[in-house]
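A structural walkthrough
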Amino acid sequence: MYERADRAGGLLTYGIPSFKLDKKIVDRRIQLLLDAGMKLVLNCEVGKDKTFEEIANEHDAMFIGVGATKSKYASISGEKAPNVYRAMDYLTNIQRKNFKEAYDKKFDFKDQNVVVVGGGDTAMDCLRTAKREGAKSVTCLYRRDELNMPGSKKEYKNAMEEGVDFIFLASPKEIVLDESGNAIAVEYVRTTLGARGEDGRQRMEEVKGSETRVNADVVIMSLGFDPVVPSFLAENGIETNSWGGITLNEETHETTTAGIYAGGDCYRGADLVVTAAFDGREAARSIAESLLE
Ligand SMILES: Cc1cc2nc3c(=O)[nH]c(=O)nc-3n(C[C@H](O)[C@H](O)[C@H](O)COP(=O)(O)OP(=O)(O)OC[C@H]3O[C@@H](n4cnc5c(N)ncnc54)[C@H](O)[C@@H]3O)c2cc1C
């Protein structure tokens, strides 16, 4: 396994907070694989530290599981201010801190007013992490209502119990900056929900003239993820679809290039641990069968 980070495990190690997933469980699983003979190459970004072609030449089959961690943007003004952060940068740095590794101290939000934009599970993880890190106030801005939140109800309930404030039906319009260019507030408009659209979700309309602000010392943007599409995919005939997901034979998990398999978030888009594990298992079965032929 070639891994660009300094620890294996992907989002199970550096994304999912340790209060949700004890890292000892991940370490144990990696150790079981090492004991079974897996060779692990850390700090090795495929396409940069070692070429994809080199690895393909050295092995009989390959599995790509590069995930989907490219943050989506809200495309609003002020989003690039120095104290506006991406959810993954925040969670990764706090996990580094928990591992007692070097981390960027700007992510210490103790006694700060934190605003998180977004309503999915990753937003809940940021809210709860900020609360546990001693933030003065932690507020979630979400453009739909409680019933339409994309994440799990359990995560929302946990965040409520831990003292997170929620502002529903609030669509962010601008990150308000001070004279030095730092974020000091998030301006949002109120929304209403109407009839359901073709996707089954209620249509959202903005209420004109309802602009309001919530003050913030730091803002975390948590608007979901897109797959990372490394250039080595196209260079090796591995096709991706319109949103960047790797195209697979659904039965065998083989990509459009023979002998190269894939699965997990880089195939499904940001999803779940169980579906990524399922893809890995199914691809492993196909690889084993193809090598026995
Ligand atoms: C904050 C957060 C919380 C979540 N909570 C849950 C939860 O509670 N329950 C749940 O089921 N799911 C949860 N998920 C989703 C779950 O973590 C993912 O669906 C799952 O980890 C996907 O696995 P994967 O192997 O496809 O990708 P990842 O876990 O993203 O792993 C991809 C790995 O590939 C490495 N990599 C990428 N490019 C290269 C390269 N070029 N060379 C070498 N290595 C590379 C990355 O460093 C990473 O280690 C959460 C996700 C996030 C972001």
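Above this text sits the structure in question.
Reading the values: the criteria
- Residues numbered from 1 in each chain as written.
- Predicted model: local features only at pLDDT ≥ 70, side-chain atom pairs only at ≥ 80, totals over all residues.
- Heavy atoms only, no water.
- Pairing = 2+ DSSP bridges.
- Helix = DSSP H or I, 4+ residues; strand = E, 2+ residues; numbered from the N terminus.
- Axes fitted to C-alpha atoms, helices over the stretch in contact; angles between N-to-C directions.
- Contact = heavy atoms within 4.5 Å.
- Parallel < 35°, antiparallel > 145°, perpendicular 65-115°, else oblique.
- Left-handed = near helix turned anticlockwise from the far one by under 90°.
- Nonpolar A, V, L, I, M, F, W, Y, C, P; charged D, E, K, R; others polar.
- Salt bridge = Lys/Arg side-chain N within 4 Å of Asp/Glu carboxyl O.
- Buried < 20%, exposed > 50% of the residue type's maximum accessible area, 1.4 Å probe, protein only.

1. Focus: the sheet that holds strand 3 (residues 84-86)
- One open sheet holds the five strands; their spatial order is 3-11-4-5-6, and the pairing between them is parallel. If you trace the sheet from one side to the other, it starts and ends with strand 3 and strand 6 (165-167), each paired once. The mean angle between the axes of side-by-side strands here comes to 25°, regardless of whether they run parallel or antiparallel.
- Summarising the sheet, strand 4 (residues 113-117) and strand 5 (residues 137-141) pair through five bridges and their orientation is parallel. Considered in strand 5, the bridge of Val117 is made with Leu141.
- Sitting on the sheet, helix 5 (residues 121-132) is in contact with strand 4, strand 5, strand 6 and strand 11 (218-221), with an inclination near 170° to strand 5.

2. Points about the packing of helix 4 (residues 87-98) against helix 5
- Look at helix 4 against helix 5: their axes get within 10 Å of each other, and the N-to-C directions meet at 45°. When the axes of helix 4 and helix 5 are compared, the pair comes out oblique. Judged by the sense of rotation from one axis to the other, the crossing of helix 4 with helix 5 is left-handed. Contacts between helix 4 and helix 5 pair Ala87, Tyr90, Leu91 and Ile94 from the former with Thr122, Asp125, Cys126, Thr129 and Ala130 from the latter.
- When grouped by side-chain class, the residues that make up the contact of helix 4 with helix 5 number six nonpolar, two polar and one charged.

3. Some words on the pattern of salt bridges
- According to the stated counting rule, one finds 20 salt bridges in the structure shown.
- Across the pair Lys157 and Glu161 runs a salt bridge whose closest N-O atoms are separated by 3.4 Å. Taken together, the residues Lys157 and Glu161, both in helix 6 (residues 153-161) and four residues apart, mark about one turn of the helix. No difference in accessibility class separates Lys157 from Glu161, as the two residues are exposed.
- Between Arg281 and Glu282 there is a salt bridge whose closest N-O contact spans 3.1 Å.
- Overall, the relative accessible area of 45% leaves Arg281 in the partly exposed class.
- Counted as one network, the salt bridges with shared partners bring together Lys20, Asp125, Arg128, Arg132, Glu155 and Glu162.

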